[in-house]
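Here is what each chain is made of, one letter per residue.
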Amino acid sequence: DAVALEAARYNLGDAAITMLSDGWTKVDESDHFDWIVSNPPLHRGSVHDFTVCLQLIDGAARHLAPGGSLWIVTQNHVPLGPLLQGGVGEDGAVEAGATDSTGAGMRW
């Protein structure tokens, strides 16, 4: 985590605020950001666990400035569209969905 944070500071310079936090714990409720960028952990051992990603999405809704963007970097097999639409059932299964009204998504 510390290495990734240092790389972000190096690449972004003074253009960004970088912080290491366990979810939203170090972010004040009144803080708002133009961009929120994250590569959240999605595993606990060998099992997929989307809890951190879902908490990131939930908090982003409260912390994005008007017109702001949430960028999440994941592997191709992660069902990011349904996660963004809240399509996770009580049993933890991810339901079908799309990332936006056109059905388009982004992959890096």
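Residues numbered from 1 in each chain as written. Predicted model: local features only at pLDDT ≥ 70, side-chain atom pairs only at ≥ 80, totals over all residues. Heavy atoms only, no water.

**Considering the overall build of the chain**
A tally of regular secondary structure across the chain gives three helices and four strands. Of the regular secondary structure in the chain, the N- to C-terminal order runs α-β-β-β-α-β-α. Considering only residue pairs separated by 6 or more positions, the chain has 52% of its internal contacts joining residues 24 or more positions apart. (Helix = DSSP H or I, 4+ residues; strand = E, 2+ residues; numbered from the N terminus. Contact = heavy atoms within 4.5 Å.)

**Points about helix H2 (residues 51-63)**
Spanning 13 residues, H2 covers 18 Å between terminal C-alpha atoms, matching the ideal 18 Å at 1.5 Å per step. Where H2 is buried, its residues meet strand E1 (33-38), strand E4 (64-72) and helix H3 (80-84). (Expected span 1.5 Å × (residues − 1).)

**Side note on the nonpolar core**
Trp24, Ile36, Cys53, Ile72 and Leu83 are the most contacted members of the largest nonpolar core, which totals 14 residues. Elements that contribute at least two residues to this core include exactly E1, H2 and H3. Examining the composition of this core, we find that four residues originate from one element, H2, more than from any other. Not counting the four nearest positions on each side in its chain, Ile36 is found in contact with Trp24, Leu56, Ala60, His63, Leu64, Ser69, Leu70 and Trp71. (Core = buried A, V, L, I, M, F, W, Y, C linked by side-chain atoms within 4.5 Å. Buried < 20%, exposed > 50% of the residue type's maximum accessible area, 1.4 Å probe, protein only.)

**What about the environment of Ile72?**
Its place among the elements puts Ile72 in strand E4. In this structure the C-alpha to C-alpha distance between Ile72 and Ile57, which are 15 residues apart in sequence, comes to 9.1 Å. For Ile72, the residues in contact, after removing those within four places along its chain, are Ser38, Pro40, Cys53, Leu56, Ile57, Leu80 and Leu84.

**Observations regarding the layout of surface pockets**
Left-over empty space is what a probe sized like a water molecule reveals as it rolls over the atoms. In this structure, the largest pocket occupies an estimated 1400 Å³ of space. Leu5, Met19, Val37, Ser38 and Asn39 are the residues nearest the centre of the largest pocket, which is lined by 31 residues in total. Elements that contribute at least two residues to the lining of the largest pocket include exactly helix H1 (2-12), E1 and H2. In terms of residue class, the lining of the largest pocket is built from 21 nonpolar, seven polar and three charged. (1 Å grid on protein atoms, 1.4 Å probe; cavity = no way out; pocket = protein on both sides within 12 Å on 5 of 7 lines; lining within 4 Å. Points joined across faces, edges and corners; volume = space filled by probe spheres on them. Nonpolar A, V, L, I, M, F, W, Y, C, P; charged D, E, K, R; others polar.)

**Focus: the packing of aromatic side chains**
What the rule picks out here adds up to one aromatic pair. Between Trp35 and Trp71, the ring centres sit 5.5 Å apart and the planes meet at 20 degrees, which makes this aromatic pair stacked. Pair noted here: Trp35 is in strand E1 and Trp71 is in strand E4, with a separation of 36 residues, a long-range link. Classification of Trp35 as exposed rests on a relative accessible area of 56%. (Phe/Tyr/Trp six-rings, centres within 6.5 Å; stacked < 30°, edge-to-face > 60°.)

**A closer look at the confidence of the model for the chain**
Averaged over all residues, the pLDDT of the chain equals 75, while 79% of them reach at least 70. For the chain, the element scoring lowest by mean pLDDT is strand E2 (residues 43-44), at 75; E4 scores highest, at 88. Here residues 87-108 is modelled with pLDDT under 50, and outside its nearest four sequence neighbours on either side it reaches 29 contacts, counting other chains as well. (pLDDT = per-residue confidence, 0-100.)

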